[in-house]
Amino acid sequence: MKTLKQMLAEARQVIPEQGPAELKKRLDAGEPVVVVDVRDPDEYRDGHIEGSANISRGFLEFRIGTVASEPSTPIVLYCQTGLRSVLAARQLKELGYEHVVNLQGGFQKWAQSGLPVVKDQPLSTEQIQRYSRHFLLPQVGEKGQRKLLRSKVLLIGAGGLGSPTALYLAAAGVGTIGLMDGDVVDVSNLQRQILHTTANVGRPKVESGSEMIRALNPDVNVIPLPMRIDVDNVMDIIKDYDLVVDGSDNFATRYLVNDACYLGGKTNVHGSIFQFEGMATVFAPDQGPCYRCLYPTPPPPGLVPS
(Lines give C-alpha, C1' and ligand atoms only; values in the text may rest on other atoms or scores of the structure.)
Protein backbone atom coordinates (compact mmCIF):
# COMPACT_ATOMS: atom_id res chain seq x y z
CA MET A 1 0.00 0.00 0.00
CA LYS A 2 1.37 3.42 -1.01
CA THR A 3 2.04 6.06 1.59
CA LEU A 4 0.69 9.60 1.29
CA LYS A 5 4.20 10.82 0.55
CA GLN A 6 4.49 8.40 -2.37
CA MET A 7 1.08 9.40 -3.77
CA LEU A 8 1.98 13.09 -3.59
CA ALA A 9 5.31 12.46 -5.32
CA GLU A 10 3.61 10.54 -8.13
CA ALA A 11 0.93 13.20 -8.56
CA ARG A 12 3.53 15.99 -8.83
CA GLN A 13 5.26 14.10 -11.62
CA VAL A 14 2.21 14.42 -13.86
CA ILE A 15 0.53 17.60 -12.56
CA PRO A 16 2.20 20.97 -13.27
CA GLU A 17 2.07 23.66 -10.59
CA GLN A 18 2.02 27.42 -10.76
CA GLY A 19 2.39 30.05 -8.07
CA PRO A 20 -0.22 32.58 -6.96
CA ALA A 21 1.34 35.45 -8.92
CA GLU A 22 1.16 33.49 -12.17
CA LEU A 23 -2.48 32.53 -11.59
CA LYS A 24 -3.38 36.13 -10.75
CA LYS A 25 -1.74 37.26 -13.99
CA ARG A 26 -3.79 34.73 -15.97
CA LEU A 27 -7.03 35.83 -14.31
CA ASP A 28 -6.26 39.52 -14.87
CA ALA A 29 -5.56 38.79 -18.53
CA GLY A 30 -9.04 37.32 -18.88
CA GLU A 31 -7.92 33.79 -19.71
CA PRO A 32 -10.85 31.34 -19.75
CA VAL A 33 -9.46 29.36 -16.83
CA VAL A 34 -11.76 27.56 -14.38
CA VAL A 35 -10.54 27.84 -10.79
CA VAL A 36 -11.86 25.17 -8.43
CA ASP A 37 -11.54 25.19 -4.64
CA VAL A 38 -11.58 21.55 -3.48
CA ARG A 39 -11.84 22.36 0.23
CA ASP A 40 -14.91 21.78 2.37
CA PRO A 41 -17.67 24.44 2.22
CA ASP A 42 -16.88 25.85 5.69
CA GLU A 43 -13.25 26.45 4.63
CA TYR A 44 -14.46 28.09 1.43
CA ARG A 45 -16.77 30.45 3.30
CA ASP A 46 -13.91 31.55 5.55
CA GLY A 47 -12.03 32.87 2.52
CA HIS A 48 -11.52 31.99 -1.14
CA ILE A 49 -10.25 33.28 -4.48
CA GLU A 50 -12.72 35.51 -6.33
CA GLY A 51 -14.62 33.60 -8.98
CA SER A 52 -13.56 30.15 -7.83
CA ALA A 53 -16.08 27.30 -7.75
CA ASN A 54 -16.31 25.24 -4.56
CA ILE A 55 -16.42 21.49 -5.23
CA SER A 56 -15.19 19.41 -2.31
CA ARG A 57 -12.62 16.81 -3.29
CA GLY A 58 -14.97 13.93 -2.49
CA PHE A 59 -17.52 15.20 -5.03
CA LEU A 60 -15.08 16.40 -7.69
CA GLU A 61 -15.47 13.51 -10.12
CA PHE A 62 -19.26 13.83 -10.04
CA ARG A 63 -19.57 17.62 -10.24
CA ILE A 64 -16.62 18.86 -12.30
CA GLY A 65 -18.81 18.72 -15.40
CA THR A 66 -20.95 21.55 -14.04
CA VAL A 67 -18.05 24.01 -14.34
CA ALA A 68 -15.87 22.37 -17.01
CA SER A 69 -17.84 20.32 -19.51
CA GLU A 70 -15.03 20.01 -22.06
CA PRO A 71 -11.83 17.97 -21.44
CA SER A 72 -9.83 20.80 -23.05
CA THR A 73 -10.94 23.36 -20.45
CA PRO A 74 -7.99 24.92 -18.57
CA ILE A 75 -8.48 24.14 -14.86
CA VAL A 76 -6.59 25.28 -11.77
CA LEU A 77 -7.28 23.45 -8.51
CA TYR A 78 -6.41 24.61 -5.02
CA CYS A 79 -6.92 23.58 -1.40
CA GLN A 80 -5.49 25.06 1.79
CA THR A 81 -1.83 24.13 1.21
CA GLY A 82 -1.78 22.44 -2.21
CA LEU A 83 -1.71 18.81 -1.05
CA ARG A 84 -5.34 17.75 -1.42
CA SER A 85 -5.62 19.65 -4.69
CA VAL A 86 -2.62 17.99 -6.35
CA LEU A 87 -4.19 14.59 -5.66
CA ALA A 88 -7.53 15.87 -6.94
CA ALA A 89 -5.81 17.23 -10.04
CA ARG A 90 -4.44 13.79 -10.78
CA GLN A 91 -7.98 12.42 -10.54
CA LEU A 92 -9.11 14.86 -13.18
CA LYS A 93 -6.14 14.00 -15.35
CA GLU A 94 -7.15 10.35 -15.22
CA LEU A 95 -10.70 11.37 -16.17
CA GLY A 96 -9.34 12.87 -19.38
CA TYR A 97 -8.99 16.56 -18.53
CA GLU A 98 -6.00 17.77 -20.52
CA HIS A 99 -4.98 21.05 -18.93
CA VAL A 100 -5.09 20.69 -15.15
CA VAL A 101 -2.77 22.74 -12.93
CA ASN A 102 -2.29 22.77 -9.16
CA LEU A 103 -1.92 26.05 -7.27
CA GLN A 104 1.43 25.82 -5.55
CA GLY A 105 1.09 26.44 -1.82
CA GLY A 106 -2.68 26.56 -2.11
CA PHE A 107 -4.95 29.22 -0.67
CA GLN A 108 -2.58 29.76 2.24
CA LYS A 109 0.21 30.95 -0.05
CA TRP A 110 -2.24 33.02 -2.12
CA ALA A 111 -3.38 34.90 0.99
CA GLN A 112 0.15 35.27 2.37
CA SER A 113 1.18 36.82 -0.95
CA GLY A 114 -1.25 39.66 -0.28
CA LEU A 115 -3.54 38.76 -3.17
CA PRO A 116 -7.28 39.54 -2.88
CA VAL A 117 -9.39 37.18 -0.82
CA VAL A 118 -13.18 36.95 -0.68
CA LYS A 119 -14.87 36.07 2.58
CA ASP A 120 -18.56 35.31 2.44
CA GLN A 121 -20.73 37.14 4.93
CA PRO A 122 -23.99 35.41 5.86
CA LEU A 123 -27.00 36.97 4.15
CA SER A 124 -29.65 38.33 6.48
CA THR A 125 -33.23 37.09 6.39
CA GLU A 126 -34.27 40.37 4.77
CA GLN A 127 -31.57 40.00 2.08
CA ILE A 128 -32.63 36.44 1.32
CA GLN A 129 -36.18 37.69 0.78
CA ARG A 130 -35.13 40.79 -1.17
CA TYR A 131 -32.91 38.91 -3.64
CA SER A 132 -34.91 35.66 -3.73
CA ARG A 133 -35.72 36.04 -7.45
CA HIS A 134 -32.00 36.32 -8.22
CA PHE A 135 -31.39 33.04 -6.43
CA LEU A 136 -33.68 31.34 -8.95
CA LEU A 137 -31.50 32.45 -11.87
CA PRO A 138 -28.61 30.05 -12.56
CA GLN A 139 -26.63 32.97 -14.03
CA VAL A 140 -26.79 34.78 -10.66
CA GLY A 141 -27.74 32.58 -7.73
CA GLU A 142 -26.50 33.14 -4.19
CA LYS A 143 -22.87 33.25 -5.32
CA GLY A 144 -23.60 35.92 -7.91
CA GLN A 145 -25.63 37.94 -5.44
CA ARG A 146 -22.76 37.97 -2.97
CA LYS A 147 -20.49 39.21 -5.76
CA LEU A 148 -22.96 41.99 -6.58
CA LEU A 149 -22.98 43.05 -2.93
CA ARG A 150 -19.17 43.28 -3.03
CA SER A 151 -19.12 45.18 -6.34
CA LYS A 152 -18.34 48.86 -6.84
CA VAL A 153 -19.79 50.77 -9.79
CA LEU A 154 -19.11 54.38 -10.76
CA LEU A 155 -22.11 55.99 -12.47
CA ILE A 156 -21.25 59.17 -14.35
CA GLY A 157 -24.38 61.22 -14.78
CA ALA A 158 -27.61 61.22 -12.77
CA GLY A 159 -29.86 62.38 -15.60
CA GLY A 160 -31.93 60.66 -18.25
CA LEU A 161 -29.57 57.70 -18.63
CA GLY A 162 -28.17 57.64 -15.12
CA SER A 163 -31.55 57.69 -13.38
CA PRO A 164 -32.89 54.27 -14.44
CA THR A 165 -29.38 52.83 -14.32
CA ALA A 166 -28.93 53.93 -10.71
CA LEU A 167 -32.28 52.49 -9.67
CA TYR A 168 -31.65 49.12 -11.30
CA LEU A 169 -28.11 48.87 -9.93
CA ALA A 170 -29.43 49.63 -6.46
CA ALA A 171 -32.36 47.25 -6.77
CA ALA A 172 -30.02 44.47 -7.93
CA GLY A 173 -27.91 44.90 -4.81
CA VAL A 174 -24.70 46.43 -6.16
CA GLY A 175 -22.94 47.14 -2.87
CA THR A 176 -21.27 50.46 -3.68
CA ILE A 177 -22.44 53.05 -6.20
CA GLY A 178 -20.45 56.19 -6.87
CA LEU A 179 -22.98 58.75 -8.14
CA MET A 180 -21.28 61.57 -10.05
CA ASP A 181 -23.00 64.69 -11.38
CA GLY A 182 -22.35 68.42 -11.00
CA ASP A 183 -25.85 69.65 -11.84
CA VAL A 184 -28.94 70.49 -9.78
CA VAL A 185 -32.44 69.17 -10.37
CA ASP A 186 -34.52 71.30 -12.73
CA VAL A 187 -38.27 70.98 -13.20
CA SER A 188 -37.67 70.23 -16.89
CA ASN A 189 -35.71 67.09 -15.85
CA LEU A 190 -38.64 65.41 -14.14
CA GLN A 191 -40.43 64.03 -17.20
CA ARG A 192 -37.55 61.57 -17.78
CA GLN A 193 -35.06 61.68 -14.88
CA ILE A 194 -36.92 59.33 -12.57
CA LEU A 195 -34.27 59.41 -9.86
CA HIS A 196 -35.59 62.81 -8.74
CA THR A 197 -38.92 64.21 -7.54
CA THR A 198 -40.66 67.58 -7.58
CA ALA A 199 -39.63 68.24 -3.98
CA ASN A 200 -35.97 68.03 -5.03
CA VAL A 201 -36.03 70.80 -7.65
CA GLY A 202 -33.03 73.04 -7.01
CA ARG A 203 -31.08 70.44 -5.04
CA PRO A 204 -27.86 68.82 -6.29
CA LYS A 205 -28.69 65.71 -8.30
CA VAL A 206 -26.29 63.57 -6.31
CA GLU A 207 -28.10 64.46 -3.07
CA SER A 208 -31.53 63.75 -4.53
CA GLY A 209 -30.30 60.58 -6.21
CA SER A 210 -28.50 59.29 -3.13
CA GLU A 211 -31.63 59.64 -1.04
CA MET A 212 -33.72 57.76 -3.60
CA ILE A 213 -31.16 54.93 -3.84
CA ARG A 214 -30.92 54.52 -0.06
CA ALA A 215 -34.70 54.52 0.21
CA LEU A 216 -34.90 51.78 -2.42
CA ASN A 217 -32.16 49.58 -0.96
CA PRO A 218 -30.42 50.25 2.37
CA ASP A 219 -27.79 47.62 1.50
CA VAL A 220 -26.22 50.04 -0.97
CA ASN A 221 -23.39 52.35 0.04
CA VAL A 222 -23.86 55.48 -2.08
CA ILE A 223 -20.88 57.76 -2.59
CA PRO A 224 -22.15 61.17 -3.82
CA LEU A 225 -19.67 62.95 -6.09
CA PRO A 226 -21.08 66.46 -6.75
CA MET A 227 -18.65 67.39 -9.51
CA ARG A 228 -17.93 67.03 -13.18
CA ILE A 229 -15.33 64.55 -14.31
CA ASP A 230 -12.25 66.11 -15.92
CA VAL A 231 -8.66 65.35 -16.85
CA ASP A 232 -7.46 66.25 -13.37
CA ASN A 233 -9.69 63.92 -11.37
CA VAL A 234 -10.72 61.09 -13.71
CA MET A 235 -7.89 58.60 -13.04
CA ASP A 236 -8.02 59.11 -9.29
CA ILE A 237 -11.79 58.56 -9.22
CA ILE A 238 -12.14 55.50 -11.44
CA LYS A 239 -9.37 53.51 -9.73
CA ASP A 240 -11.63 52.63 -6.78
CA TYR A 241 -14.38 51.03 -8.90
CA ASP A 242 -14.82 47.68 -10.66
CA LEU A 243 -16.93 49.09 -13.46
CA VAL A 244 -17.69 52.51 -14.97
CA VAL A 245 -21.10 53.36 -16.42
CA ASP A 246 -20.99 56.41 -18.67
CA GLY A 247 -24.35 58.15 -18.73
CA SER A 248 -22.95 61.53 -19.76
CA ASP A 249 -24.61 63.77 -22.35
CA ASN A 250 -21.62 65.28 -24.16
CA PHE A 251 -18.83 64.03 -26.39
CA ALA A 252 -15.96 65.57 -24.43
CA THR A 253 -16.87 63.51 -21.36
CA ARG A 254 -17.43 60.35 -23.40
CA TYR A 255 -13.98 60.51 -24.96
CA LEU A 256 -12.38 61.36 -21.61
CA VAL A 257 -14.08 58.45 -19.84
CA ASN A 258 -13.16 56.10 -22.68
CA ASP A 259 -9.49 57.07 -22.60
CA ALA A 260 -9.29 56.85 -18.80
CA CYS A 261 -10.94 53.42 -18.74
CA TYR A 262 -8.59 52.19 -21.45
CA LEU A 263 -5.53 53.39 -19.53
CA GLY A 264 -6.87 52.16 -16.19
CA GLY A 265 -7.99 48.76 -17.46
CA LYS A 266 -11.62 49.39 -16.45
CA THR A 267 -14.69 48.14 -18.29
CA ASN A 268 -16.69 51.05 -19.66
CA VAL A 269 -20.46 50.57 -20.07
CA HIS A 270 -21.53 53.33 -22.43
CA GLY A 271 -25.00 54.53 -23.27
CA SER A 272 -26.42 57.37 -25.36
CA ILE A 273 -29.86 58.40 -26.56
CA PHE A 274 -31.45 60.83 -28.99
CA GLN A 275 -35.22 61.21 -28.95
CA PHE A 276 -36.54 57.65 -29.50
CA GLU A 277 -33.24 56.05 -30.48
CA GLY A 278 -30.62 54.74 -28.10
CA MET A 279 -27.42 52.74 -27.98
CA ALA A 280 -25.73 50.72 -25.26
CA THR A 281 -22.26 49.23 -25.60
CA VAL A 282 -19.75 47.51 -23.33
CA PHE A 283 -16.11 48.41 -23.93
CA ALA A 284 -14.06 45.79 -22.08
CA PRO A 285 -10.27 46.32 -21.95
CA ASP A 286 -8.33 44.13 -24.39
CA GLN A 287 -11.51 42.32 -25.47
CA GLY A 288 -12.57 44.48 -28.39
CA PRO A 289 -12.61 48.06 -29.66
CA CYS A 290 -13.05 51.11 -27.45
CA TYR A 291 -15.31 54.12 -28.01
CA ARG A 292 -12.53 56.08 -29.74
CA CYS A 293 -11.84 53.06 -32.00
CA LEU A 294 -15.43 53.20 -33.27
CA TYR A 295 -15.63 56.99 -33.40
CA PRO A 296 -12.09 58.39 -33.89
CA THR A 297 -13.22 62.03 -33.83
CA PRO A 298 -16.26 63.75 -32.33
CA PRO A 299 -18.80 65.44 -34.62
CA PRO A 300 -18.58 69.20 -35.14
CA PRO A 301 -20.01 71.25 -32.25
CA GLY A 302 -23.77 71.74 -32.51
CA LEU A 303 -24.33 69.00 -35.08
CA VAL A 304 -25.74 66.50 -32.54
CA PRO A 305 -27.95 67.96 -29.76
CA SER A 306 -27.56 66.64 -26.23
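Scroll up a little and you will see the structure.
Residues numbered from 1 in each chain as written. Predicted model: local features only at pLDDT ≥ 70, side-chain atom pairs only at ≥ 80, totals over all residues. Heavy atoms only, no water.

Enquirer: Sorry if this is basic, but what is going on with the overall build of the chain here?
Expert: From N to C terminus, the chain includes 14 helices and 11 strands. Each principal axis of the C-alpha distribution contributes one length, and for the chain these read about 80 × 45 × 35 Å. In the chain, of all internal contacts separated by at least 6 residues, the share reaching a separation of at least 24 is 63%. Looking at the chain as shown, the accessible area adds up to about 16,800 Å², and 56% of this sits on carbon and sulfur atoms. Of the side-chain charges in the chain, 31 are positive and 34 negative, and the distance between the mean point of each set is 5 Å. (Helix = DSSP H or I, 4+ residues; strand = E, 2+ residues; numbered from the N terminus. Contact = heavy atoms within 4.5 Å. Areas by Shrake-Rupley, 256 points an atom, 1.4 Å probe, with all protein chains shown as cover. Lys, Arg positive; Asp, Glu negative; His and termini not counted. Charge placed at Lys NZ, Arg CZ, Asp CG, Glu CD.)

Enquirer: Any chance you could explain the sheet that holds strand 8 (residues 221-225) here in plain terms?
Expert: Across a sheet, paired strands are connected by hydrogen bonds in the backbone, their directions being either parallel or antiparallel. Taken in spatial order, the 6 strands line up as 8-7-6-9-10-11 in an open sheet, and their pairing is mixed. Here the strands that pair on one side only, and so sit at the sheet edges, are strand 8 and strand 11 (277-283). Pairwise comparison of adjacent strand axes, ignoring direction, gives a mean angle of 15° for this sheet. Where strand 9 (residues 243-246) meets strand 10 (residues 267-274), 4 bridges bridge the pair, whose relative direction is parallel. The residue of strand 10 that forms the bridge with Val245 is Val269. Those strands touched by helix 10 (residues 162-172) are strand 6 (152-156), strand 7 (176-180) and strand 9, and its axis lies near 165° from that of strand 6. (Pairing = 2+ DSSP bridges. Axes fitted to C-alpha atoms, helices over the stretch in contact; angles between N-to-C directions.)

Enquirer: What should I look at first to understand the layout of surface pockets in this one?
Expert: Roughly 1,300 Å³ of volume is contained in the largest pocket. For the largest pocket, the lining is made up of 36 residues, of which Leu27, Asp28, Glu50, Lys147 and Asp242 are closest to its centre. Of all the secondary-structure elements, those providing two or more residues to the lining of the largest pocket are helix 2 (20-28), helix 9 (141-150), strand 6, helix 10, strand 9 and strand 10. The biggest single contributor to the lining of the largest pocket is helix 9, with 4 residues. (1 Å grid on protein atoms, 1.4 Å probe; cavity = no way out; pocket = protein on both sides within 12 Å on 5 of 7 lines; lining within 4 Å. Points joined across faces, edges and corners; volume = space filled by probe spheres on them.)

Enquirer: Please explain a nonpolar patch on the surface as it appears in this structure.
Expert: On the surface, Met235, Tyr262 and Leu263 cluster together into a nonpolar patch covering about 360 Å² of accessible area. Within the fold, Leu263 resides in helix 13 (residues 251-264). Residue classification places Leu263 among the exposed residues on the basis of a relative accessible area of 67%. (Patch = residues over 30% accessible without salt bridge, like charges linked within 9 Å, V, L, I, M, F, W, Y side chains within 5 Å. Salt bridge = Lys/Arg side-chain N within 4 Å of Asp/Glu carboxyl O. Buried < 20%, exposed > 50% of the residue type's maximum accessible area, 1.4 Å probe, protein only.)

Enquirer: I tried to follow the pairing of strand 7 on my own but got confused; where do I start?
Expert: Within a regular beta strand, the side chains point alternately toward one face of the sheet and then the other, so they alternate between its two faces. In terms of burial, strand 7 is a largely internal element, 5 of the 5 residues being buried. Every second residue of strand 7 is oriented toward a common face, with Thr176, Gly178 and Met180 on one face and Ile177 and Leu179 on the other, all of them buried. Of the pairings in the sheet, the one linking strand 6 to strand 7 comprises 5 bridges and is parallel in character. From the neighbouring strand, Val153 faces strand 7, where its bridge partner is Ile177. When strand 7 meets strand 8, the two strands line up parallel, connected through 5 bridges. Within the sheet, the bridge partner assigned to Gly178 lies in strand 8 and is Ile223.

The values reported here are purely geometric and, on their own, carry no functional implication.
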